[in-house]
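Each chain, written out:
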Amino acid sequence: MLGPLSTPVTSELIDVNDVKIEVQRRGKGAPLLLLPGEEALEIEAPFIEKLAQTREVIVFWPPGFGKSSRPDWITCMDDVAYVHLDVMAKLGLDKIPVVGFSLGGWIAAEMAVKNDSRFSRLVLVDPYGIKIGGPTDRDIQDIWTLHPQKVAQLKWHDQEKGKRDVSQRSDDELYIIARNIESCARLCWEPYMHNPKLARRLHRIAAPTLVVWGANDGIVTPEYGRAYAAKIPGAKFVAIGDAGHLPHVEQPEAFLRELNAFI
């Protein structure tokens, strides 16, 4: 099993076009850009500690998440993607692997269809972002209207791994958790968790791409994931067993094997 987190984390606010983006760094070595999911569980997951032993892991918090600002003109993932590309340019991040999880995977895909020239590799882990079925088909489960217990059943293969004890959190930490939820709803409510144009843009991705999926994901199923990968030229699809929507949290060793072999 992977151990607890111990690598020091530094944080700064990067200003691009009057948007302040929180950028965190941990570890040393070749840089890797990590885009967290809507709950940002990646930030505290043991796999990130293992990555930081050999790489500098750089995390961008999207507008409205963490300590990043969220001006009113940012209304969708299209906007977020351009901001993140501007941050990459300002920091001089070039030809590096980009790994996105869930909502962060959607953002990474939006960035890549616009300009993936700064990407050496692209890894998408159970991303949202596209519509596969027809208008009445439920491609992505509604995490807002379903009962939280049902959402947990769909999201986790082992629900024990998804439990969070917020009673021990500081007021500042609780504020960020609440802010993340509110920002996700604002940016992803309509259309729900996808950009109607993204599926028709995925063919533009030229960077070598790995799509990783939890074999037991009930929020966005492996069938959705295979359809996603099929739209990206040359993309490889890998399913990780005994894992739901967050295979990197439920099966970190298996996830790291796939990730390291690819990047």
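The structure presented is a predicted model; accordingly, all values stated were derived computationally and were not measured. (Residues numbered from 1 in each chain as written. Predicted model: local features only at pLDDT ≥ 70, side-chain atom pairs only at ≥ 80, totals over all residues. Heavy atoms only, no water.)

Caption draft 1: Seen up close, the nonpolar core. Membership of the largest hydrophobic core comes to 82 residues, with the highest contact counts inside it found for F60, M88, F119, M193, L202, Y228 and F255. Every residue in contact with L202, bar those within four places of it in the chain, is listed here: A109, V113, I130, Y228, K231, I232 and P233. (Core = buried A, V, L, I, M, F, W, Y, C linked by side-chain atoms within 4.5 Å. Buried < 20%, exposed > 50% of the residue type's maximum accessible area, 1.4 Å probe, protein only. Contact = heavy atoms within 4.5 Å.)

Caption draft 2: Quick peek at the pairing of strand 5 (residues 96-101). The buried fraction of strand 5 amounts to six of the six residues, a majority that puts the element mostly inside the structure. Pairing of strand 3 (residues 30-35) with strand 5 involves three bridges; the strand directions are parallel. Each residue of the ladder has a partner; that of L35, found in strand 5, is G100. Across six bridges, strand 5 lies against strand 6 (residues 119-125) in parallel orientation. What sits directly across from V99, in strand 6, is V123. What joins strand 5 to strand 6 is helix 3 (residues 103-114), and the crossover it makes is right-handed. (Helix = DSSP H or I, 4+ residues; strand = E, 2+ residues; numbered from the N terminus. Pairing = 2+ DSSP bridges. Right-handed = clockwise from strand over helix to strand, strands pointing away.)

Caption draft 3: Region of interest: the side chain of E22. With respect to the element layout, E22 can be found in strand 2 (residues 19-26). No salt bridge is formed by the buried E22. Its closest oppositely charged neighbour is K67, at 4.8 Å. Polar side-chain contacts of E22 include one of 2.8 Å to the backbone nitrogen of K67. Setting aside residues no more than four positions away along its own chain, E22 makes contact with S11, E12, L13, V59, F60, W61, G66, K67 and S68. (Lys, Arg positive; Asp, Glu negative; His and termini not counted. Salt bridge = Lys/Arg side-chain N within 4 Å of Asp/Glu carboxyl O. Polar contact = N/O pair within 3.5 Å; in protein donor to acceptor, adjacent residues only side chain to side chain.)

Caption draft 4: Region of the structure containing helix 4 (residues 148-155). For helix 4, the complete set of buried residues consists of V151, L154 and K155. Projected onto a plane normal to the axis of helix 4, the buried residues spread over an arc of 95° and lie on a single side. Residues of helix 4 that are buried make contact with helix 7 (247-250). (Arc of directions from axis to C-beta.)

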